[in-house]
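Breakdown of the fold
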Amino acid sequence: MRRHVMMTLLDTEQSYVDALRTLTQGYMKPLKHPENSPLCDPSLVDEMFYQIPEILEHHEQFLEQVLDCVNQWHDKQTIGHVLIQSFSKEILANIYSAYIDNFMNAKDAVRIAKEAKPAFLKFLEQSMRENKEKQALGDLMIKPVQRIPRYELLVKDLLKHTPEDHPDYLFLLEAQKNIKRLAERINKGRRSAEELEKETRVMQEIEAHIEGVEHVRDILNPQRKFLRQEMVVESKTVGGKKDRSLFLFSDLLICTTLKRKSGSLRRSSMSLYSAASVIDTSSKYKFLWKLPIEDVEVVKGSNQATNRENIQKTISRLDEDLSTLGQISKLSETLSFPHQSLDDVIKDLMASVHRELAEKQSLAFSMTLLPTKLELTTASAETTFIFEFSSPDARSNFEQAFEEAKKKLAMNKDQWDPEFLKAIPIMKTRSGMQFSCASPSHSCPENTYEVWVCNSDGYVGQVCLLNIRDEPTVEACIAVCSARIICIAAVPGLKSRERVGHSTPSAPSNPTPSTQPQLHICISGSSLELSEPPVVPAAELVPFDSDDTDDEDSPSPSSTLQSQASHSTISSTFGNDEAVVSKDIATETTSSEEEQEFPVPNSFGAPRLSADSPVDGRAMRRSSRGSFTRASLEDLLSIDPEAYQSSVWLGTEDGCIHVYQSSDNIRNRKNSMKMQHSASILCILYFDNKVFVSLANGEVIVYQREAGSFWDAQSSQTLCLGSPSGPVTKMVPVAGKLWCGCQNRVLIVNTSSLTQEHSFQVGQDSGRCVTSMVSYGKGVWIALQGSAHVRLYHASSYESLTEVDVAPAVHKMLAGSDAIIRQHKAACLRITALLACKDLLWIGTSAGVVLTLAIPPVSSSTGPGTLRAPLLPMGSAHGHTGHVRFLTCIELPEGFDVNFPPTSESVNSESSSGGLQRRDSARRRASTLLPVKSNLLVISGGDGYEDFRLTNSSETVGRDDSTNHLLLWRV
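All values derive from a computational prediction rather than experimental measurement.

1. Structural notes on the packing of aromatic side chains
- The tally for this structure, following the rule as stated, stands at 20 aromatic pairs.
- Ring centres of Phe226 and Phe249 lie 5.6 Å apart, and the angle between their planes is 65°; this geometry places the pair in the edge-to-face category. Separated by 23 residues along the polypeptide, Phe226 in strand E2 (residues 226-236) and Phe249 in strand E3 (residues 240-249) bring together distant segments of the chain. When sorted by exposure, Phe226 lands in the same class as Phe249, which is buried.
- A ring pair is formed by Phe420 and Trp969, whose centres lie 5.6 Å apart and whose planes are at 70°; its orientation type is edge-to-face. Placement of the pair is Phe420 in strand E10 (residues 419-426) and Trp969 in strand E46 (residues 964-970), with a sequence separation of 549 residues.

2. A short note on the confidence of the model for the protein chain
- When pLDDT is averaged along the protein chain, the result is 74; 71% of the residues meet or exceed 70.
- Across residues 497-634 the pLDDT falls below 50, and counting only partners more than four positions away or on other chains, this stretch makes 370 contacts in the model.
- Note on residues 953-958: pLDDT under 50 across the span, and five contacts to partners over four residues away in sequence or across chains.

3. Describing the packing of helix H1 (residues 2-32) against helix H7 (residues 118-130)
- Their axes nearest at 10 Å, the elements H1 and H7 cross at an angle of 140°. H1 and H7 meet at a crossing whose hand is right-handed. Contacts from Gly26, Tyr27, Pro30 and Leu31 of H1 reach H7 at Phe120, Phe123, Leu124, Ser127 and Met128.

4. Considering the environment of Met673
- Inspection of the secondary structure assignment puts Met673 in strand E23 (residues 673-677).
- Judged by relative accessible area, which is 1%, Met673 ranks as buried.
- Placed 12 residues apart in sequence, Met673 and Gln661 show a C-alpha to C-alpha distance of 9.4 Å.

5. Details of the sheet that holds strand E39 (residues 874-875)
- If you trace the four strands from one edge of the open sheet to the other, you get E36-E37-E38-E39, paired in antiparallel fashion. The open sheet has two free edges, formed respectively by strand E36 (831-837) and E39, since each of these has just one partner strand.
- Strand direction decides the pairing type here: strand E37 (residues 840-845) and strand E38 (residues 850-854), joined by five bridges, are antiparallel. Pairing of Leu841 across the sheet is with Leu853, part of E38.

6. Overview of the packing of helix H6 (residues 103-116) against H7
- In the contact formed by H6 and H7, the axes pass within 5 Å of each other and the chain directions differ by 120°. Counting all contacts with H6, which are made through Val110, Ala113, Lys114 and Ala116, the residues of H7 involved are Pro118, Phe120, Leu121 and Leu124.
- Its residues placed into classes, the contact of H6 with H7 shows seven nonpolar, no polar and one charged.

7. Here's the deal with the side chain of Asn36
- Within the secondary structure, Asn36 sits in the loop between H1 and helix H2 (42-48).
- Setting aside its immediate chain neighbours within four residues, Asn36 contacts Pro30 and Leu31.

8. Considering the nonpolar core
- Formed by 63 residues in total, the largest nonpolar core has its most connected members in Met6, Met48, Phe49, Ile79 and Phe87.
- Broken down by element, the residue count for this core peaks at 12 residues, all from H1.
- Excluding residues within four positions of it along the chain, Phe49 makes contact with Leu23, Tyr27, Met28, Leu31 and Leu137.
- If you look at the next biggest cluster of nonpolar residues, it comprises 29 residues, including Leu801, Leu814, Leu829 and Ile855.

9. A word on the pattern of salt bridges
- Under the criterion given, the structure shown has 17 salt bridges.
- Notably, a salt bridge pairs Glu230 with Arg228, separated by 2.9 Å at the nearest N-O pair. Comparing Glu230 with Arg228 shows no difference in burial state: the two are buried.
- For Glu419, the salt bridge is made with Arg970, and the minimal N-O distance between the two is 3.8 Å.

10. Re the side chain of His794
- Relative to the elements of secondary structure, His794 occurs in strand E34 (residues 789-794).
- Once you skip the residues sitting within four places of it in the chain, His794 turns out to touch Trp739, Lys778, Glu799, Leu801, Val858, Ser859, Ser860 and Thr862.

What counts and what doesn't
Residues numbered from 1 in each chain as written. Predicted model: local features only at pLDDT ≥ 70, side-chain atom pairs only at ≥ 80, totals over all residues. Heavy atoms only, no water. Phe/Tyr/Trp six-rings, centres within 6.5 Å; stacked < 30°, edge-to-face > 60°. Helix = DSSP H or I, 4+ residues; strand = E, 2+ residues; numbered from the N terminus. Buried < 20%, exposed > 50% of the residue type's maximum accessible area, 1.4 Å probe, protein only. pLDDT = per-residue confidence, 0-100. Contact = heavy atoms within 4.5 Å. Axes fitted to C-alpha atoms, helices over the stretch in contact; angles between N-to-C directions. Left-handed = near helix turned anticlockwise from the far one by under 90°. Pairing = 2+ DSSP bridges. Nonpolar A, V, L, I, M, F, W, Y, C, P; charged D, E, K, R; others polar. Core = buried A, V, L, I, M, F, W, Y, C linked by side-chain atoms within 4.5 Å. Salt bridge = Lys/Arg side-chain N within 4 Å of Asp/Glu carboxyl O.

If you want it as C-alpha cells, here you go:
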C-alpha cells in the first residue's frame, strides 16, 4: 500500500508539473515573444504568470527526487526526508504566498487583455486546443492555489500505511507538520489577500461615487476600513429637515448630501458584509463634512434629559415673555399720548420672541428622540447633529458599530503611538549613494546632539552629520574612505570609576595657585607639568546602549594604539589618506593638515585647550596626537588622556576600522586611529567594557582596556566562532551574555571567559543567516536573510515563543500602489531592520514600509503558546519608496527643545485628514517650539520618501523616489 500511495504521489506530481510547464511554454513564453507583443501588453503578461517559473523550478526538482525514490523502492525506503527538505523551505512559502496574494490581479489581467484585444482571446482558444489536457488558462492558473492541501492528504495516507517502527515514520510526522504549517500560512495569506482586495475596491467605489471626497487627502488611508452606510434625515433648527447619507469608517465619519436619481429605490442601510454593492449607487452624493470618530460622542441618558429640560425651561420663559408683552400692549392702548413708536417696538419684540419660541419648540420636538433618532455631538460640544434613521434597528445597529469602532481605534492608538515629525532629504553627492548604517554620537558640542549617517556607493564611504540642535538638519556630508561603510559604532569613554589600580583624589574646595617648583618630565615627546591633583569631573560619560539593529549598537573607543595585534595592524594618523575629495561635497570636507587638539570633557561642550593655555594649578599632558589633559602626575603617567573621550568607529568592506573622536575631528577628516584587518568588518559591539569586532572570515576580535586606560590591540583575543562561508553577522548583548548570529544559528558567548556556552537553531534553512537581531526585556527578536517573518525567543530558556509574518501588514499599506509595484515588492519582501524601544518593536522592510509591533511582556515563566493576543504589526503612513536601510534612535535629555515648524504639506494633511493621529498631537504640532517630555527620536533611513495615503494619481507620487531620506518620529 505504501508503494501504491507513492505512485499516486508521483502521478499527481507529474500532472501538476505538466500543468505548470503548459503555463510557461504554452502561454507565457509565446506571449513574451516579440512577434506576439501586439496581442497583450508585456506588463499584463508579467502579472498573469507572476511566480509561475519559480514554482515550476521547485516542483521539477521535487518530482525528480520522488521519481528516484520510486525507482529505488524497497520495504524500508523513506520519502519523508524528501518531503521535509522540499516543504520546510521558507522560500517556497514566500513564493506560494506571493502567487496567491497576486492571484486576483492575475485574473484581472487576463480579463483586461481579453476585453482590449480580440486577438488575445483567439490566442487563448488556440493554445487550449494545442495543450495535451485541453485545459483553459484559468483552469491552469488555479492549480497552484489548490495543490498544497493535496500533499496533506497524501502524507496522511502514507502515515496510515507506515508502521511506527518504520524508519520513515518519524520523517513523515515531521513532514506532515511542515506541510500543514505551509498550508495554513498560504490559506491565511489567501484570506488576507481576498479581504484586502475587497477593502481596496470598496474604498475606490466610495471615492468614485462621492463628489468632492477626492479632496479629502487620506480617504484611501491603508489603515482605514469602511464599515457601513446609512441613509438618514438631519433635523436642523434652521432649514427644516434634510436628506443625508452617513459613511462610517474605522476611524472617520463622513456626511454627504443625498439626491436620489429618478425612479431609484431607497436602500436605508448597508455594510461591508451585508450588501453585494457596498454603497447605494442609485443616489448622488456630495461631500459635506468629516469628523474623526474619536472626536464624536453619542448623546445619551442624563445628557439628553438635561438638554431637554434646559430647552423646556427656555420655552417656559419665552411664554412668560409673550404674556408680559401682551399685557404691555394692552396697557399701551390706554395711553392718550401718541404711542405709535412704542407699539412698533412692542410688535418687533413680540415677533422676535415668537421666532425664538418656534425654533425651541421645533428643537424640543426633535429631541423627544423617538427610537429612530440619534444625537451626535463633537468633543468640544460646539456642534450637535440630530439624525433620524429609517427604523429603530437601523439606528441601533449604527450606534453599536460606531461604539465598537471607537473602542478598536483606542486599542490601535496604543499600538501606534509614535508621532511622525519630518522627512529630511539627503541629496546625493555621487550617483548610486545608498544608506548603510547610522548611530548617535556621544561627543557633541554643548546643547547639540548628532546622528552619524553612513552612505556609500561601493567606491566612497561618506558620513552625513544630522544635527538635532533645534530643527534637525544635515550639516555636512564628508567622504572618509574609499570603501563601503558596513557598520558604525558609538563607544563611550572611560569613566572615572573605571580607573583601575589608582585612587583619584578629589580637588580641594578652595584651590589656590601652586607655589611648588614645577617638575618637567619628557616622555615620548609629550610634555608633563607636575601640579596639584585634578578635579574629578562632576558629570561622567555613561556608555550608551542603542537598540539599532543594522549596526547592533556597536560602540568602540578611541585611544592611542601603537602596537600590532596578531590579526590586525594599527596606525595612528592625523589625516585620512584614503579620503576622496569631491568638489561636489560640502565645504566641511576640505582637508586639513593641522593637528586637532582635544580636551578631556567633563561635560558636553567643555572648552578646548591649547598649548599656551594657562596651567591653573594642575599637571598638563599633550598626547602624541595633540590632545591636552590636566591631572595628577600619577594619573598622567598611567592613563591615556583620550581614553576618557567617547568615539565613533566605522567598519568598512575593505577590512578597515576608522576611529573618530568628534564631529570636528571628522569634518577635518582626521581619524584618531585606523585599524586594518584581514577581512571585511561586519559588526562592532561595545559590551562589558570590551569591544567585539566580527570579521567576514568568521573570527571575532575582542579588545580590552589595559589597566583601565586604553584599548590594547596587542593583547586582543581572537574567537573562532564562524567560518568564511558562515561568519558572525550580528551581535547583541542579552542578559549579560553575547548573542552571535552565525548562519541560521545563535551562539551564546560568556563575555568573562570568552567561551561559547550554548547555541540554538533559528529556522530550518541553513542557507539563511541572521540579518537582524534586537533584545528587549526577556525577549530577543530575530529575522533571517530574505525572510518576512520575525521570531521572538526567550532570553533565558532560548525557546521560540512566537513568529510574526509582516507580509499582510505590508500588503495592506501598499494597497493604493500600482499592481506592478505591489507585485514586485511582494516578490522580494523581507525584513531589513529591527529596533526595539519604548515597548515597541520597529520593523523596516524592503518594501519601504515601516511597521511597529507592541512588544508583549515576557517573564521567566513565558513559554511557547503562552502569549495571549495575536501580534499584529501596524504600518506607518510614512515610509520609503525603496528599502528601509536602517533604524536607529537617539535619546534627548528632558526639557531639550526641538523646533519642528510645520510645512504646508503637513498642515494641509492635518486639516484635511481624519487622521490616525490624536487631535492633541495635531495641536501640539501647531506650536513652533515644542517642549519635549518624551525624549526619544526614532530615525529610519532609506531610498526615497512615500506617503502611503496618497493615490497614484497624486502629483507628488514619485517625486522623491531617487533621493535618500531620513524619516523622524517622536515616541
